Amino acid sequence: MADPSKLVRPGSATEKRGKPTLRTIADITGLAVTTVSRALADAPQISLETRQRVRQVALDIGYSPDRAAQRLKTGRTNVIAVLLEPHEEILGYGTSVMAGIARALQGTAYHLIVMPNFHDTANIEAVNYIIRNGMADGLIFSRTEPLDPRVKLLSETGFPFVTHGRTELATAHPFVDYDNFTFTYEATRRLIAKGRRKPALISGPAGFTFSSHILHGFMTAVREAGCAYEILSDIDLDSPAGAIRDRIRQRQADGDPPDGFTCGGEVCALATITGMSDCGLTLGLEYDIVAKQTSPLLGAIQPRVDTIYEDLTETGEHMGRILLRRIGGSTDIGELQLLLDPELRFKPAEVP
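Note that the coordinates shown come from a computational prediction; the quantities given were computed from them, not determined experimentally.

*Asks:* Got a sec to walk through the overall build of the protein? Specific residues and values, please.
*Replies:* When you go through the protein residue by residue, the secondary structure sums to 14 helices and 12 strands. Looking at the 352 residues of the protein, the share that counts as buried comes to 47%. Nonlocal contacts in the protein, meaning residues at least 24 apart in sequence, comprise 65% of its contacts between residues at least 6 apart. For the protein, the accessible area works out to roughly 16900 Å², and carbon and sulfur atoms hold 53% of it.

*Asks:* Explain the pairing of strand β10 (residues 306–309) residue by residue, including any values.
*Replies:* Burial along β10 is two-sided: the face carrying D306 and I308 and the face carrying T307 and Y309 are both buried. Of the strand pairs in this sheet, strand β9 (residues 288–293) and β10 are connected by 4 bridges, and their pairing is parallel. By the bridge assignment for β10, A291 is matched with T307. Note: β10 against strand β12 (residues 343–345), 3 bridges, orientation antiparallel. Within β12, the position partnered with Y309 by the bridge is E343.

*Asks:* Break down the sheet that holds strand β8 (residues 260–263) for me, with residues and values.
*Replies:* Across the sheet, which stays open at both edges, the 6 strands sit in the order β7-β6-β8-β9-β10-β12 with mixed pairing between neighbours. Only two strands of the sheet have a single neighbouring strand rather than two, namely β7 (230–231) and β12.

*Asks:* Which residues make up the nonpolar core, and what are the values?
*Replies:* One finds I202, F261, C263 and I289 to be the most contacted residues of the largest nonpolar core, which totals 28 residues. Where this core is concerned, the elements lending two or more residues are β6 (199–202), α10 (209–225), α11 (241–253), β8, α12 (266–278) and β9. In this structure, Y93, M98, L105 and I322 belong to the second largest nonpolar core, which totals 18 residues.

*Asks:* Can you explain the packing of aromatic side chains? Please cite residues and give values.
*Replies:* Evaluation of the coordinates by the stated rule reveals 6 aromatic pairs. Seen in terms of ring centroids, F141 and F161 are 6.2 Å apart; in terms of plane orientation they differ by 20 degrees. Their pairing is stacked. Placement of the pair is F141 in strand β3 (residues 138–142) and F161 in strand β4 (residues 161–164), with a sequence separation of 20 residues. The residues F141 and F161 share a single accessibility class, namely buried. Note on F208 and F210: the rings are 6.0 Å apart at their centroids and 20 degrees apart in plane angle, and the pair reads as stacked. Its relative accessible area of 5% is what places F208 among the buried residues. A relative accessible area of 16% places F210 in the buried class.

*Asks:* Give a description of helix α6 (residues 93–105) that names residues and reports values.
*Replies:* Helix length check: α6, at 13 residues, gives a terminal C-alpha distance of 19 Å against a target of 18 Å (1.5 Å per residue), a fit within 8%. Those residues of α6 that sit buried are Y93, S96, V97, M98, G100, I101, A104 and L105. On its buried face, α6 is in contact with β1 (79–84), β2 (111–116), β3, β4 and α14 (312–327). Where α6 terminates, the next one or two residues include G107, which has phi positive at roughly 85 degrees.

*Asks:* Tell me what's going on with the pattern of salt bridges, and back it up with residues and numbers.
*Replies:* Scanning all chains against the criterion turns up 21 salt bridges. In this structure, R321 engages E317 in a salt bridge whose closest nitrogen and oxygen atoms are separated by 2.8 Å. One end of the pair is R321 and the other is E317, both in helix α14 and 4 residues apart, which spans about a single turn. Overall, E317 belongs to the buried group, its relative accessible area being 16%. In this structure, R345 and E343 form a salt bridge, with 3.0 Å as the shortest nitrogen-oxygen distance. Look at E343 and you get partly exposed, because its relative accessible area is 39%. A network of salt bridges, in which partner residues are shared, links R190, K194, R196, D288 and D306.

*Asks:* Got a sec to walk through the sheet that holds β3? Specific residues and values, please.
*Replies:* Judged by pairing direction, the sheet is parallel, and its 6 strands sit side by side in the order β2-β1-β3-β4-β5-β11 without closing on themselves. Unpaired on one side and paired on the other, β2 and β11 (337–340) mark the two borders of the sheet. Looking at each pair of strands side by side, their axes are set apart by 15 degrees on average, direction ignored. Summarising the sheet, β1 and β2 pair through 6 bridges and their orientation is parallel. Across the sheet, V79 pairs through a bridge with H111, a residue of β2. Sheet contacts for helix α8 (residues 149–157): β3 and β4; angle to β3, the most-contacted strand, approximately 165 degrees.

Rules used in this analysis
- Sequence order as written defines residue numbering, which begins from 1 separately in each chain.
- It should be noted that, the model being predicted, local features are given only for residues of pLDDT at least 70 and side-chain atom pairs only at 80 or more, the latter also being counted only at that level, while totals for whole chains, interfaces and linings use all residues.
- As a rule here, side-chain values come from all non-hydrogen atoms in the structure, and water together with hydrogens is ignored.
- The way it works is that DSSP assigns letters per residue, a run of H or I at least four long becomes a helix, a run of E at least two long becomes a strand, and they are numbered from the N terminus.
- Only protein chains enter the calculation, and the probe is 1.4 Å; a residue is then buried if its accessible area is under 20% of its type maximum, exposed if over 50%, and partly exposed in between.
- Contacts between residues were defined by any pair of non-hydrogen atoms, one from each residue, lying within 4.5 Å.
- Surface accessibility follows the Shrake-Rupley procedure with a 1.4 Å probe radius. Residue values consider only the protein chains on display as shielding.
- Paired strands, in this sense, are two strands between which DSSP finds at least two bridges.
- We define a nonpolar core as any set of buried Ala, Val, Leu, Ile, Met, Phe, Trp, Tyr and Cys residues linked to one another through side-chain atoms lying within 4.5 Å.
- Stacked, tilted and edge-to-face are the three classes assigned to paired rings of Phe, Tyr and Trp, where Trp is represented by its six-membered ring and a pair needs centres within 6.5 Å; plane angles under 30 degrees give stacked, over 60 edge-to-face, the rest tilted.
- Expected span of a helix, by definition, is 1.5 Å for each gap between consecutive residues, and there is one gap fewer than residues.
- Note on definitions: salt bridges are taken to be side-chain nitrogens of Lys or Arg within 4 Å of carboxyl oxygens of Asp or Glu.
- Axes, fitted as lines to C-alpha atoms, cover a helix only where it is in contact. Angles between the N-to-C directions of the axes lie from 0 to 180 degrees.

Encoded structure:
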């Protein structure tokens, strides 16, 4: 901690002159202003002990850099922008991913700004706005499309970015993605191994790359097994929980219904369980579910559901670190792309 006697106090001469500056930190630490500046910039030439001491003093006195001056001097904003889209099927998506990104940026000069983005609007407009107005040094966004125009634009302009999800573009680009093919493949194989004769898939919304990976994994599993299957129509992972519940109930009334469900999110799984329960069917007896898990909720409410885990905080941290590498000038695609493996959390077989 900084010497309390030297901290800026309300009513002091330093406080009356305005907010704390580099000179304030220099006076407290006894260091030169240039040394303080380089320490806050995490310059490796400054010892770790000095950098930590300067950061602590800056925190104690509430120092905040003059971003306008920084931008004029360095051409950088020290801001990372995140285009955050709603993910109704994934509980806690935004908070978990943002926590991971913040962890990656901890100890750096970068700060986050979050811009809501909805897929019923032109996504390219939000990206253009950030580039045109110089709002950030780098961009993170999700829900990629096979030929995503945002990725094309950012690649052509050389603006640093990383996506949560892949594309099918010929030009390689930075991404962090979850292996949704393996998720649905293993989930569907699990249903078949438990004796389910007709697994069903509630797929991702059309148009996104991850949806094709989900479908491919499901179809590979059922074709290998040679079993009957169903891809439920009229609903997807973006459908409201009530719509999924009602569609499940309707499907049970139509005859020859599925007896196993692969669900890409906890909301989807809970809605499916409710619909089946409304029809008088019991989980683990008349049907089974394997669901993607991103929070503790599903396991707490429905512990009999087999799950496959996706760590969204880890995803956010990886995206933050990859973007920092890209901003730093890295063009090594091997260190700018990462495919995360699903974590199977299947329950042990019950002994009769």
